[in-house]
Every structure is written in C-alpha cells, then in structure tokens.
Protein chains: 2
Amino acid sequence: MGPQTNLSLYLVTDRRLSLGRSLEQVVEEAVRGGVTIVQLREKEASSREFYELAVRLKQMLALYKVPLIINDRLDIALACDADGLHIGQEDLPYPVARQLLGRDKIIGLSVENRADVEEANLWDIDYIGLSPVFTTDTKTDTAPALGLEGVRELTALSVHPAVGIGGIHPQNAGEILRAGANGIAVVSAIMSAPDPCKAANELSEIIKQNKK
Amino acid sequence: MGPQTNLSLYLVTDRRLSLGRSLEQVVEEAVRGGVTIVQLREKEASSREFYELAVRLKQMLALYKVPLIINDRLDIALACDADGLHIGQEDLPYPVARQLLGRDKIIGLSVENRADVEEANLWDIDYIGLSPVFTTDTKTDTAPALGLEGVRELTALSVHPAVGIGGIHPQNAGEILRAGANGIAVVSAIMSAPDPCKAANELSEIIKQNKK
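We now turn to the structure provided with this report.

### Observations concerning the pairing of strand E3 (residues 68–71) of chain A
All names here are of chain A.
Thought 1: Both faces of E3 are covered, namely the face carrying Leu-68 and Ile-70 and the face carrying Ile-69 and Asn-71.
Thought 2: Relative to E3, strand E2 (residues 37–40) is paired through 3 bridges, and the arrangement is parallel. Bridged to Val-38 within E3 is Leu-68.
Thought 3: Handedness of the crossover is the feature at issue here: the chain leaves E2, passes through helix H2 (residues 47–63), returns alongside E3, and the resulting connection is right-handed.
Thought 4: Strand direction decides the pairing type here: E3 and strand E4 (residues 84–87), joined by 3 bridges, are parallel. Across the sheet, the residue bridging to Asn-71 is His-86, located in E4.

Have a look at this one:
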C-alpha cells in the first residue's frame, strides 16, 4: 500500500441497500463527497456479473484516483486489475492471497479479536478491518460488537493501520477515530443515504475534525 | 491440455449428494473405479472451505495422476495449483480466464447451443462441456436438454473435444459416446452410488466398449 493510500473514509458497497439506484451512481456520488477508498462486496452475483461490475467501477474510480478493493474474490481482483483485496477469516488464508497478488496490491484483513490481531501482526498486510465496532443490520454473520473499548484495545495491539466497520454513522464516527482507528468504513450510512454525496461529505468533515 | 489428458470418465462433485460420506472418500473410490478427471464444484462453501478441500483433493488425486479441475473459481484453482478450471457462460469470460491461468492449465467451457459452440471454436479452450444432455435434478439452472440429436450436432460443429453432462447413467452413456462425445461427465451416478468404485467401473467398461 503506497503512503498515499487514504483509508479515512472507506465505503463498502451493498447493492441491496442502494434504494434502487445503480451501484455506480451511488459510488460516484459518494466519491465526489469525499470517500477515499471503495470496497466492492458482492455475495450473490455470478462471477460474470461481479467481474463486469468490477471493471466498470475500476474505470470510474480511476478517474478520481480512488482505489478499488475487491471483497473475498481474488480472481475478480486479478481480472479487473483492482488495487487490492479485502479478506475475512473465512476467505483465502492471507499468505496464499499475498503470494498470488504480489506485494504491489493492497490487502486488508478483517479481525474480530485479540488472537486475530496477533496473527495479523505477523504478516505484511496493509490494514486491518475491526469488525464489527457496533451491532449492525447490514451483515448478520458477525462476531460480538467490539465497542469503543475493543477499538482502543485492538488498535493499540495492532502494528497495522486499522479501519472500524459496523454500525458507524455521523453520531459515532468521531469517537471511533479518537479511540485509535485510522479510518471508518460504512455501508448503509452512504449506500442508503438519500444524498450519498452529502452523506460522504458530512462524514469527511467529521474525520477532518477528529484526525489523530 | 496435454495429449495424455483423458476426458472419458469425468466426475463432477456435489457434496450434497454424497449420502453423508466425505467428499474425499467418494472421490478416491471413484478414481479407483476408473474416473479419469475430477471437477470440484462448490457453490455454497466459504472461500476458506473451498480452498482447504481443493488442497486435500489435489494431494490425493496427484497420487493417482488424475487431474483436478476447479469449477468457476479461478482464485481457488490458482491457490491449490489445480490442473485446470471449468467455466460456464455466467463465469469469468474465457479470454480473461486464459490470460490469468496461462497456457499450461486446462480450461473447459460449458456450452448450451450452437452460438456457444461457434464462439468456443474461436478460442484455444481445451474441451467443451455439452450441458445438459438430458434433464437432471442435480442442477436446476440449466438450459433445455440437448438430447442425442443435440450432442451429434454440437460435437460435429465443435473443433474441441466434448464431454456430455446432465442425466447420464449406465443405460444412456454408450449412446452419448456414439453420438460424438469424447467423454461423459456424471455427478449423482457416482456421488450417490452405494459403491462409487463399482459405479465408476461400470461406466468405465461402457466407455471402453463405445470408444470411437
């Protein structure tokens, strides 16, 4: 991950939450509003659909110099020449993913507890995702919420930059950053916002005010 | 695909049909009975489970010098160093898959009609899967059955070796080969057989009697 990679406002997509708007449209508005990095997450699409969507998003995001990260599917990341891959504990093992993607791509890993962070500390990963910070309706297969205390504990333990995810919105974004996170990741706070550009801009302002 | 690759008795796995036995056990018995190539197909496993199963199968099949083909997931094929990948019309586009896998790996493509075969003829694919030959309960998202007439028409049109799949069992295997197929692919005829070794052996004998 280059020193210029900005994890501060990290959008994770979910087409089911886009209120009927196209994913590309919502993501582009969000980027205009200040999103700094985008993760494409597709759990139900065919490989062909996922690939075609990834290619379109990659082209659009390149115009804004915003990196595209692919969730789970290393083949889709390779096929669209994404900037990186985000993996969870149920996805490919990190060392396998790094070997296949090479050192030039960003790889992020979701961690849920101290043991996950300690394992991640042994690896040259680019960032960790602290998941979930708060309870959320967006993802139902998650571990217990970490809370602010968990964010403090795990960011202190981690040697890597950390992004919090799960139940984050403008009212709690600042305290997550003050607890030690380098960035906040959101899904519904932007995907389901009536005005994704404005929602991203509001979060972006909160980030500026709470920068470490 | 090396000239030694034998497509004649092609097993496609389905864990749901293995009657509670482990996939590795059923596949190993089937290979002992005469299966010449194995495709690992997992539509519900996490990437981690798929990867770990693929690594175990690859190790076991290497002992028998039987190639392992991964269904759809090019990342899993790379991660376990499989012998090849099988893609359908809803998976990664063939040219993208070939570029990522290189010329040394086997790539097969499912075709359902003349247009698919004509497109496949333009590519350096290793084999086509004619799908479905007959109606089947195993896969529910299929095109109309080709029948023997379809097998004759599409194998005559194809420049690539062809494997028939869908509703194949000992009573109809011979006529599919006589209609022009180079091999038969089965799922439940072996996965759900009380004795997978014996089931494979019976099909293997039919193949020998109907070789072109």
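Read on for the rest.
### Quick look at the pattern of salt bridges
Thought 1: A full pass over the atoms with the stated rule returns 34 salt bridges over all chains.
Thought 2: Connected via shared salt-bridge partners are Arg-98, Arg-103, Asp-124 and Asp-126 of chain A.

### Observations concerning the sheet that holds E2 of chain A
What links the strands of a sheet is backbone hydrogen bonding, and the strands pair in either a parallel or an antiparallel sense.
Residues and elements named next belong to chain A.
Thought 1: One closed barrel accounts for 8 strands, arranged E1-E2-E3-E4-E5-E6-E7-E8; its pairing is parallel. The mean inter-strand angle of the sheet, taken between neighbouring strand axes irrespective of direction, is 25 degrees.
Thought 2: Two strands pair when backbone bridges link them, and strand E7 (residues 162–165) and strand E8 (residues 183–186) are joined in this way by 3 bridges, in the parallel orientation. Of the residues in E8, the one forming a bridge with Gly-164 is Ile-184.
Thought 3: Across the sheet, H2 is in contact with E2 and E3; its angle to E3 comes to roughly 160 degrees.
Thought 4: The strands that helix H5 (residues 114–121) touches are strand E5 (106–111) and strand E6 (127–130); relative to E5, the one it contacts most, it runs at about 155 degrees.

### Digging into a negative patch on the surface
Thought 1: A cluster of like negative charges, contributed by Glu-49 and Glu-52 of chain A together with Glu-90 and Glu-112 of chain B, occupies part of the molecular surface.
Thought 2: Along the chain, Glu-52 of chain A falls in helix H2.

Conventions used here
- Residues numbered from 1 in each chain as written.
- Chains lettered and ligands numbered in written order.
- Predicted model: local features only at pLDDT ≥ 70, side-chain atom pairs only at ≥ 80, totals over all residues.
- Heavy atoms only, no water.
- Buried < 20%, exposed > 50% of the residue type's maximum accessible area, 1.4 Å probe, protein only.
- Helix = DSSP H or I, 4+ residues; strand = E, 2+ residues; numbered from the N terminus.
- Pairing = 2+ DSSP bridges.
- Right-handed = clockwise from strand over helix to strand, strands pointing away.
- Salt bridge = Lys/Arg side-chain N within 4 Å of Asp/Glu carboxyl O.
- Axes fitted to C-alpha atoms, helices over the stretch in contact; angles between N-to-C directions.
- Contact = heavy atoms within 4.5 Å.
- Patch = residues over 30% accessible without salt bridge, like charges linked within 9 Å, V, L, I, M, F, W, Y side chains within 5 Å.
- Areas by Shrake-Rupley, 256 points an atom, 1.4 Å probe, with all protein chains shown as cover.
- Lys, Arg positive; Asp, Glu negative; His and termini not counted.
- Charge placed at Lys NZ, Arg CZ, Asp CG, Glu CD.

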